[in-house]
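Understanding the architecture of this molecule
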Amino acid sequence: MRNFFVCSVGELGKDYVKDNLKRIVKDNAFVLHEDTTQKGVYDSIYKGDILLLKYNRQLVAYGECLKRFQSNHREWNLRAKVKEWHFYDQQSAEIGISYHGLQENMLPGSGQMGTVKGVNFSYGINKIEEIDATTDLYNALSIENINRMKSEQIKQILHLKKQIILQGAPGTGKTYATAELALRIINNNNIDSSNRKELMKSYQKAVDEGQIVFTTFHQSLDYEEFIEGIKPIQEGKDITYDIVPGIFKKICKKAIQKDSLKELQAAIEKFKEQCVNVTDDIVLETIEKGKFTVTYRGGITFRVRSLKSQAKEGQDFPASIENIEKLYRGESDGIYNKSYVWGILNHLKKDFQLTDHNLQDNSDKNYVLIIDEINRGNISKIFGELITLLEADKRMGQINEVKCSLPYSNDEFSIPNNLYIIGTMNTTDRSLGHIDYAVRRRFGFISLESKVEHISEYYNGLIENSDDLSESAVKLYNEVKNIVKANTSPEFQCKDVMVGHSYFMASSYDELNLKLEYEIKPLLVEYIKDGILTVRMEEVDNLLDNLKC
């Protein structure tokens, strides 16, 4: 998101002020003296930020920053170049509006005496509207403001319900929006959404750290994969069966985890390598001094066998890594082969310098599970009895907290309050089943619509010298919208099925034409086949042939 700055030219009565204003107007740049000791947050101005020009106790103009640089001028050499200044009065650069509210809306760190002060978005756009609301820049900022308010609204609903579904036609940016929304949840809204590349770096970091998990629902996904189930584990030539936690159980566990397992996990990895690389048996001791061997053949368990075992040769028994983690945290109930698990943990402490577990409360962090194409799965079947536990007031620690016993592990389970779920749903695919009422009432539904403004914003912000391409894309969008609007089935509304704006975003005419031929037209044909658009089949070719870039 852009930042807004109030840049002061100075107050009347000082000789340099009028000359500096003339220089600012002539050079299309905010100009600052290199010896200014109170330059404020000038160094925080970047390309795309908005500068509000303050002169003689008034705001007289605004402009979009192109770059910040040092000129060859011997004194007034600090410059923030703008595309153009939009003045309140085109006849006089000295006339403006009141800057009332500036002190209350300054961003932290600006300082009372700074020549340049950062201000919040809402103050900035309100003052720009007062100066001149007829510019393309104001229109672009208005769209940004709507998007910002929409994001904040979605975030508020997500905090209230704990889970939402972003629904809309293909190409409306549902999946695209999940990354920013997830980061807003885990970073308490403290993100810069103006730089997509940096935003995705932050997103990937959160994924790597397990604070965001992404998955896609499909028709064959079930409870056993999502929550927990008994799975075959191949260990060398042998196949064993174990209870394996699914995606949902794992992130719930992570969200309530009150200790750091990084050191333990590193020690376990080293022990795995030791087991694989040694030629002789590794012999450890239980707490009762009973000796046993340990091997590792892959998977989620070590294999153990007592030296006094009467079992047939080659038969061994599991010591699961999950149980090692439990014992490390001080949990002793429900641990299978506990004496062997203790022996392995004791070995890790002695041979790999594993220290006692380090308390680290994750309950003050937010965690996000993103479920793409959520309506492609049978949600009731996938969540099972946990559907009830999704409700905000039934979460862990809440007034109506509900717990249940999981069918395979018998673990007592509830959903942590710091876990949020973001789903996406294609509203035009008739091949998918509807979400039933029991599920629907536990989610907040946010509709994302196709907007022509996003197309203009894309070409204005990302591609230089693209006026003609932008014009062609907008023209094509309107032609497609006219087709959809004129032929939408009574069962649908045009806004719910209009082809998404992302289909019209391209870096060249060739790419736009390819999108038209191989994405937009085939999608319209599917709409017609599915009865979303009521067009007679003999009219289809003629209708689509008239669509051109």
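Here the residue numbering is sequential within each chain, running from 1 through the sequence in written order. Side-chain atom pairs in this predicted model are given and counted only at pLDDT of 80 or more, local residue features only at pLDDT of at least 70, and totals for whole chains, interfaces and linings cover all residues. The side-chain quantities take in all heavy atoms of the structure and omit both hydrogens and water.

1. Brief notes about the overall build of the protein chain
Selection rule: A run of DSSP states H or I qualifies as a helix once it reaches four residues; a run of E qualifies as a strand once it reaches two. Both are numbered from the N-terminal end. It is over C-alpha atoms that the radius of gyration is taken, and the globule rule equals 2.2 Å times the number of residues to the power 0.38. The cut-offs for exposure are 20% and 50% of the maximum accessible area for each residue type, with area from a 1.4 Å probe on protein chains only; residues under the lower value are buried, those over the upper are exposed, and the others partly exposed. The contact rule is simple, with two residues in contact once any of their heavy atoms fall within 4.5 Å. Exposure was quantified through the Shrake-Rupley algorithm and a 1.4 Å probe, taking into account, for residues, occlusion by the shown protein chains and nothing else. Neither His nor the chain ends is counted toward charge; the positive residues are Lys and Arg and the negative residues Asp and Glu. Note that the charge is assigned to NZ on lysines, CZ on arginines, CG on aspartates and CD on glutamates.
A tally of regular secondary structure across the protein chain gives 18 helices and 22 strands. What you see for the protein chain is a C-alpha radius of gyration of 31 Å, clearly larger than the 24 Å of a compact globule of 549 residues, by over 25%. Counting only C-alpha atoms and orienting by the principal axes, one finds that the protein chain spans roughly 100 × 75 × 50 Å. Burial statistics for the protein chain: of 549 residues in total, 47% are counted as buried. Sequence separation of 24 or more characterises 65% of the internal contacts of the protein chain that already satisfy a separation of 6 or more. Summing over all exposed atoms, the protein chain offers an accessible surface of approximately 28,300 Å²; the carbon and sulfur share of this is 47%. Computed over 71 positive and 80 negative side-chain charges, the inter-centroid distance for the protein chain is 3 Å.

2. So, the environment of A182
Inspection of the secondary structure assignment puts A182 in helix α5 (residues 174–186). For A182, a relative accessible area of 0% corresponds to the buried category. Residues A182 and E130 lie 52 residues apart in sequence; the distance between their C-alpha atoms is 34 Å. With near-sequence residues (within four places) excluded, A182 lies in contact with I212, V368, I370 and I422.

3. Observations concerning the sheet that holds strand β14 (residues 291–295)
Whether parallel or antiparallel, the strands of a sheet pair through hydrogen bonds between backbone atoms. Which entries qualify depends on this criterion: If DSSP finds at least two bridges between two strands, the strands pair. For helices, the fitted line uses only the C-alpha atoms of the stretch in contact; every axis is such a line through C-alpha atoms, and the angle between N-to-C directions lies from 0 to 180 degrees.
Strand order across the open sheet formed by four strands is β13-β14-β15-β16, with antiparallel pairing between neighbours. The open sheet is flanked by β13 (282–285) and β16 (317–320), the only strands paired with a single partner. If you compare each strand with its neighbour and ignore which way they point, the axes differ by 40° on average. As judged from the four bridges shared by strand β15 (residues 301–306) and β16, these two strands associate in the antiparallel manner. Residue T301 lies in a different strand from β16, and its bridge partner there is S320. Strand contacts of helix α10 (residues 321–328): β15 and β16, with the helix running at about 50° to β16, the strand carrying the most contacts. Sheet contacts for helix α11 (residues 338–351): β13, β14, β15 and β16; angle to β13, the most-contacted strand, approximately 105°.

4. Things to note about a nonpolar patch on the surface
Formally: By definition, no residue in a patch forms a salt bridge, and every one has over 30% relative accessible area; like charges are joined within 9 Å, nonpolar side chains (Val, Leu, Ile, Met, Phe, Trp, Tyr) within 5 Å. When a carboxyl oxygen of Asp or Glu is within 4 Å of a side-chain nitrogen of Lys or Arg, the pair counts as a salt bridge.
Residues I230, I239 and Y241 make up a contiguous nonpolar surface patch of about 350 Å² in total accessible area. Relative to the helices and strands, Y241 is located in strand β11 (residues 238–245).

5. Observations regarding helix α6 (residues 196–208)
Here is the rule we go by: Given a helix with a known number of residues, its expected span is that number minus one, times 1.5 Å.
If you check α6, its first and last C-alpha atoms are 18 Å apart, about what 13 residues at 1.5 Å a residue would give, namely 18 Å. Among the structural elements, α5, β9 (212–216) and β18 (367–372) are those in contact with the buried residues of α6. Remark: G210 follows α6 within two positions and exhibits a positive phi of approximately 80°.

6. Topic: the pairing of β18
In terms of burial, β18 is largely enclosed, as six of its six residues are buried. Across the two faces of β18 the burial is the same, with Y367, L369 and I371 and V368, I370 and D372 all buried. Looking at chain direction, β9 and β18 are connected through five bridges and run parallel. Bridging across to β18, V213 finds its partner in L369. As defined by bridge partners, β18 adjoins strand β21 (residues 419–426) across five bridges and the pair is classed as parallel.

7. Some thoughts on the side chain of S320
The following threshold applies: Nitrogen and oxygen atoms within 3.5 Å of one another constitute a polar contact, given that in protein one can donate a hydrogen and the other can accept it, and given that sequence-neighbouring residues count only through two side-chain atoms.
Looking at the secondary structure, you find S320 in strand β16. A polar contact is formed between the side chain of S320 and the backbone nitrogen of N323, at a distance of 3.1 Å. Residues contacting S320, with those up to four places away along its chain left out, are D242, I300 and T301.

8. Some details on the sheet that holds β21
The strand order β9-β18-β21-β8-β22 describes an open sheet built from five strands, whose pairing is parallel. Across the chains shown, the open sheet's two edge strands, defined by having one partner strand only, are β9 and β22 (444–447). Mean inter-strand twist for the sheet, computed between neighbouring axes without regard to direction, equals 20°. α5 rests against β8 (163–168), β9, β18 and β21 of the sheet, and its axis sits at about 170° to β21. Against the sheet, helix α8 (residues 247–256) touches β9, β18 and β21, its axis set at about 165° to β18.

9. Some points on unusual backbone geometry
Among all residues except glycine, the phi angle is most often negative; among peptide bonds, the trans geometry is most common. Of note, the phi angle at N28 is positive, near 50°, even though the residue is not glycine. Of the residues examined, N28 reaches a relative accessible area of 23% and is grouped as partly exposed. Although it is not a glycine, N337 adopts a positive phi angle of roughly 55°. With respect to the element layout, N337 can be found in the loop between α10 and α11.

10. Thoughts on the nonpolar core
Most often, soluble globular proteins have nonpolar side chains that are buried together. As a reminder, the rule being used: To form a nonpolar core, buried Ala, Val, Leu, Ile, Met, Phe, Trp, Tyr and Cys residues must be joined to one another through side-chain atoms within 4.5 Å.
Core analysis: the biggest nonpolar cluster contains 32 residues, and V480, F504 and L524 have the highest contact counts within it. Among the secondary structure elements, those contributing two or more residues to this core are α14 (452–462), α15 (467–487), α16 (494–497), α17 (509–529) and α18 (537–545). Those residues in contact with V480, other than ones at most four positions away along the chain, are M498, V499, F504, I520, L524 and L547. Counting residues in each nonpolar core, the second largest holds 31 residues, with L390, F413, I435 and F443 among its members.

11. Considering the environment of L448
Within the secondary structure layout, L448 lies in the loop between β22 and α14. Sequence separation of L448 and E391 is 57 residues, and the distance between their C-alpha atoms is 24 Å. Leaving out residues up to four positions away in the same chain, L448 has contacts with K150, L166, Q167, G168, A169, T172, G173, K174 and A177.

12. Quick notes on the packing of aromatic side chains
Heads up, the rule is: Each pair of aromatic rings taken from Phe, Tyr and Trp, with Trp reduced to its six-membered ring, is defined by centres within 6.5 Å and is described as stacked if the planes are under 30 degrees apart, edge-to-face if over 60, and tilted in the remaining cases.
Scanning the model with the defined rule gives 12 aromatic pairs in all. Considering the side-chain rings of F226 and F383, the 5.0 Å spacing of their centres and the 70° angle between planes classify their relative orientation as edge-to-face. With F226 in helix α7 (residues 223–226) and F383 in helix α12 (residues 379–383), this pair connects stretches of sequence that are 157 residues apart. Here Y458 and Y459 contribute two aromatic rings whose centre-to-centre distance is 5.0 Å and whose plane-to-plane angle is 80°, an arrangement assigned as edge-to-face.

13. Describing the packing of α17 against α18
Working note: a packed helix pair is described by the angle between its axes plus the distance between those axes. For clarity, the threshold we go by: Angles are sorted into four bins: roughly parallel if under 35 degrees, roughly antiparallel if over 145, roughly perpendicular if 65 to 115, and oblique for all others. Crossings are assigned a handedness: left-handed for a near helix turned anticlockwise from the far helix by less than a right angle, right-handed for a clockwise turn.
Two elements in contact, α17 and α18, have axes whose closest approach is 11 Å; the angle formed by their N-to-C orientations is 155°. Considering their axes alone, α17 and α18 lie roughly antiparallel with respect to each other. At the point where α17 passes α18, the crossing takes the right-handed sense. From α17, K521, L524, V525 and I528 reach across to α18, where they touch M537, V540, L544 and D545.

14. What to know about the packing of α5 against α6
Going by this rule: For this classification, the nonpolar set comprises Ala, Val, Leu, Ile, Met, Phe, Trp, Tyr, Cys and Pro, the charged set comprises Asp, Glu, Lys and Arg, and every other residue, Gly included, is treated as polar.
Look at α5 against α6: their axes get within 10 Å of each other, and the N-to-C directions meet at 65°. As for the relative orientation of α5 and α6, their crossing is left-handed in sense. Residues Y176, A179, E180, L183 and I186 of α5 pack against R196, L199, M200, S202, Y203 and A206 of α6. Considering only residue class, the contact of α5 with α6 consists of eight nonpolar, one polar and two charged.

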